[in-house]
Every structure is written in C-alpha cells, then in structure tokens.
Amino acid sequence: MRLFMTQQACVISNLTLEFPSKVIFQNLNFTLPKAQVSALIGRNGQGKSLLMQLLHQTQHSSPHCSGQVSWQMHHAYLPQLHRLKAATIAEALEVSQLHRAFKNVEHGTASFEDYELLEDSWHLPHEWQQLLSSAQLPTDLDFPVQYLSEGQKTKLALCSLFLKPEYYLLLDEPSNHLDREARTWLIEHLKLHPAGALIISHDRTLLDQVDHIYYLNEHGLQHFTGNYAEFFEQYQKNVTSLEQSIQQSQRDIKQMKHKQHDVLMKAQKRERAGNKLRDSNSQAKVLLDFKKEQAGQSIGKVQAQHQRQISNEQSELKFQKQQLEKIKPQLFQFPDLKPQSGEILRVKELKLPFGTPQPVNLALSAAEKIHIIGRNGIGKSTLLKLIAQQKQQPLDQIFLARSCFYLDQNFSFLNETLSTIENLRQINPDIPEVEWRNLLGQLRIRGDKGTYPLSQLSGGEKLKVALLGLSQVSPQPELLLLDEPENHLDIESKALLASAIRSYAGAVILVSHDEQFVRDCEITEVFNMNE
C-alpha cells in the first residue's frame, strides 16, 4: 500500500498558454504531490504535451505563455517522440565517463583520476546490470542503440530516468511501443520510484495504477484523487447530474412561461370584465378607473417578477450548458475497395537481420487481417519494413502480389518541417486544400493547425494526419502494414480507428500491444513471433 505524503513536488500558479488564434489553457492552478504517481489525461490536441513541456522548461520566455512553475525538487522529462539520441547504452544511461573509468580499472590502466571519480560508486555497475536485466535489455553498456527496437529504446530511456531516484519524473506516454511484459515492468518501477511521477497516457491498464488524475479539457484542469476507473465513475456521475439539472431547468423555465401566460390571460379577462362593468354604468366611473389603475400596477409587478425569475433561470441554464464538454463526434474511414481473392503475400524461410533467429514463414490472403505479436526486439517492425521494401529491394523469400502501405511507428513518410496541409498535398495533390481542411476538421484538427509545421502538433494529431494521408493515398493500397497505429491516440480516437480497420475491405497486418484495441478491431488471427 502506498503511503500518501502531503509535501508537494511542484506548485503551478496561473499558468496560461494562448496564441493569437486560440487559447490552449488559461489560469491553471494545481500542485503535484511527491512520492505519488499522477496522470494527466484529456483528448488529443487538448494541450497535455504542451503543458508538460512548460512544467519541464520552468522559465517561460515565450510571449504566448504566462504564470509560474515552482519546483520543490529536481525533475526529469521523457518526451513523447525522439527519446534517444545516444550512440550506446552507456551514453543513454548518462554513465559514459563512469563506465570508461570502470573499464580502465578492469584492464589495469586506471589513472588516479579514475579512482577518484569512482570513489563511493563501486556499487553502480551492479545497479546498472540489474536494471537493464529487469527491462530485458542488453547488459553490455557498449551495445549500439541503433540496433534496438522502438520498444527497447523506450525502456532504455526509462531506465536512464529510474536511475535518478531523487528526481520527479515527467513522462509523456511512457507505455508507447512497450509489450505486455514491459508495461508490467514500467508499472512496477513507477510505483517504486521514490520521488513520484506525472504521466501522460491513454493506456487504461497504466491509468488504473495511478494515485491522482488531472483531467485537462476546454474548461480547464480538474483534479480527482484515485485511479482512472474511480475518476471515470465520478466523471460520469457529474455529467449525469449536470444533464439532469439542465433538463430540470428547462422544465422550470417552461413552467414559468406557462404561469406567466396564465397570469396575463387572467388579467386580460378581468380587464375585459371591468370594461364591460364600466360600460353598464352599474358602478361609479371614478371607482372603476381607480381599480383598473391598481390592477394594472399589480399585473406589471407580477410580470416583472416572473420575467426576472425566467431570466435568472435562463442564465443558470446557460452556465450549466457551458459546463458540459462540447464533443463533436470524429469521422474517419478507409476508402472502399473492390472485393479481391487469392493469396497476396507469402513469406518463406525469411531470416531477419535483427530479432528472432528463427526463420519467418507467413501467408496472407486478400482481405485477411492478422495480428502479429512478440516481445520487444523480436523483429516485428523489421518484418513489416522488409515487406514494405519488397518493390524497391526485392527478396527471394518474400512474394508480394498487391500494393501495400507501411505506417511505421515514427510516421517517417511525413516531413516534420512542412505544414500539415503541405504534407497531405504531397500525398495526394488532386485533393484541394479546402477538402483537406474539411477532412482534418472531422478529426478535430481545425483552424490554423493546418498551416503549422507538423513538428508543432501533438503525437496524437501527427498520427491522425498520417492516417488521413494513408486513407487518401492514390492508388489505394490493398494491404495495410500498421505498426502500433494506436500509439498516441486518446481512448475515443482508438475506438474510431478500430472501427475503420474493422470495416476496411483490404488486408491488414497489425502490430499492437494494446489487447483492447485488437479486440475492437475484431482481428482474431494471430501470428506469434515468440514461437
């Protein structure tokens, strides 16, 4: 059981980020507790990664940002993309100098400076080896990073941070690319990390292990104590309660208007009766005129009172409606294909340059969908890459009879320096810009975001651009090679993509470690590379 501490790792005051065309968030005030794991959640494009970057940078020189971030302890940051630039494992762990000194001692060539450097550090090699082994990574610190899979690179980047127990960790989607075992390893080490952490994630399994939820939406940042399941239950109750209040307010306003109408009708009826009585000369005209004046004043007061009540209730109704999130459903699908038949892919006795030493044998028919599974580093991405390169770099062990499209984990067919629209126009120049903007809007990438360099978009938004480009490429491929396409997507967008894959008439080879996403895709055929 985790012990909850009251000390704060970071205090955030009046944090605002706004651009000329859009306010991302404004006047955020919250604290991050020490020694606990917190999660920052929200839809794609809401500003989660930008918020985490601001927490990391601390000093804000941009005219678009204001507010204060006050750290009470050291912190370290894992970005969503481009996580490792090191050449070797030692460099990635930031221990190159120490590793070199230990090697000199081992070879009998150590200098006085080496021994001075290693004072009180003789226990470290054992810690490094232990951590790397627990992550199922190579324990040779001179091992080149370029030979690691994306999942292994993510684990290595995390290892580097877990070696800093006194640092609070800011982790942007740390479970991306990780297999089931690696996700379990991540959860265990997060819980053991003394300083605490803030994670951005759409991984339900991971989110159900946290102590706090910070929910970022168009209304600001809401804090819930507990895990995602507890947050979602409370959130649903709040939404239901708010919807019921709105319905009750609407009923109340309707009743008030009916009452106002009834009072007016009765007053008009009395006025007609008074006029009739006056015309009959049965009472003195002076007395009747006095009663008429009094009645008119009374009706005016009642009408004014009713109108105030209605106005107050309408103001309350407007406020309640503003509290409800305005979530317009997203639209996305792959184009229809004519039904095909026959074998479109055969891989026979293929030996991969990286990963499993076992030769790969795989066959795929038209419209067939298959899920490739295997631990990080076994060669899943390598296999997809070799299939995708078959037209340019043919191998005798691969027979490919149809056109294919490879969506790799880093969306490498997109250019980070070009704008979203420019990237999409390169993919299919026949589609006019206005249509591209309409399609982007259906995925909630609206306004000026179409003109931003791709590098300024969130990971989820980049993936949506990549998927949109893939859906409109011409001629349309009959085989999709999807390498963890659900990474970076929020829970709603994952369901949307799964629906598109389900209804796609072509063939699909899917690599994914998200079991729920695979179930939603309704892909039941499995190719296990561990066997």
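Use the structure listed above.
Definitions and limits used
- Residues numbered from 1 in each chain as written.
- Predicted model: local features only at pLDDT ≥ 70, side-chain atom pairs only at ≥ 80, totals over all residues.
- Heavy atoms only, no water.
- Helix = DSSP H or I, 4+ residues; strand = E, 2+ residues; numbered from the N terminus.
- Contact = heavy atoms within 4.5 Å.
- Areas by Shrake-Rupley, 256 points an atom, 1.4 Å probe, with all protein chains shown as cover.
- Pairing = 2+ DSSP bridges.
- Axes fitted to C-alpha atoms, helices over the stretch in contact; angles between N-to-C directions.
- Parallel < 35°, antiparallel > 145°, perpendicular 65-115°, else oblique.
- Left-handed = near helix turned anticlockwise from the far one by under 90°.
- Nonpolar A, V, L, I, M, F, W, Y, C, P; charged D, E, K, R; others polar.
- Core = buried A, V, L, I, M, F, W, Y, C linked by side-chain atoms within 4.5 Å.
- Buried < 20%, exposed > 50% of the residue type's maximum accessible area, 1.4 Å probe, protein only.

A.B. asks: Please give an account of the overall build of the protein that cites residues and values.
C.D. replies: Scanning the protein from N- to C-terminus turns up 16 helices and 17 strands. Partitioning the contacts of the protein with sequence separation of at least 6, the portion at a separation of at least 24 is 71%. As displayed, the protein has an accessible area near 27400 Å², and 50% of this comes from carbon and sulfur atoms.

A.B. asks: Any chance you could break down the sheet that holds strand E1 (residues 8-19) for me, citing the residues and the numbers?
C.D. replies: Across the sheet, three strands lie side by side as E2-E1-E4; this open sheet has antiparallel pairing. Two strands bound the open sheet, and with one partner strand each, they are strand E2 (22-33) and strand E4 (65-71). Sheet twist, expressed as the average angle between the axes of neighbouring strands with direction ignored, equals 5°.

A.B. asks: Give me the sheet that holds strand E3 (residues 37-41): which residues, what numbers.
C.D. replies: Strand order in this open sheet of six strands is E5-E6-E7-E3-E8-E9, and the pairing throughout is mixed. Since the sheet does not close on itself, it has two edges, and those belong to strand E5 (75-78) and strand E9 (220-225), each with one partner. The sheet shows a mean angle of 15° between the axes of neighbouring strands, direction not considered.

A.B. asks: Please provide a residue-by-residue account of the packing of helix H12 (residues 420-427) against helix H14 (residues 459-472), values included.
C.D. replies: Two numbers describe how H12 lies on H14: the axes approach to 9 Å, and their chain directions differ by 25°. Between H12 and H14, the crossing angle belongs to the class labelled roughly parallel. Every pair of crossing elements has a handedness; the one defined by H12 and H14 is right-handed. Contacts from Thr 420, Leu 424 and Ile 427 in H12 reach Val 465, Leu 468 and Gly 469 in H14. Of the residues belonging to the contact of H12 with H14, the class tally is four nonpolar, two polar and no charged.

A.B. asks: Tell me about the nonpolar core, residues and numbers included.
C.D. replies: Among the nonpolar cores identified, the biggest contains 50 residues, and Leu 156 and Leu 190 are the most heavily contacted of them. The contact partners of Leu 156, leaving out residues within four places of it in the chain, are Leu 84, Ile 89, Ala 92, Leu 93, Leu 132, Leu 137, Val 145 and Leu 148. The next biggest cluster of nonpolar side chains, apart from the first, holds 40 residues, and it includes Leu 414, Leu 440, Val 518 and Cys 521.

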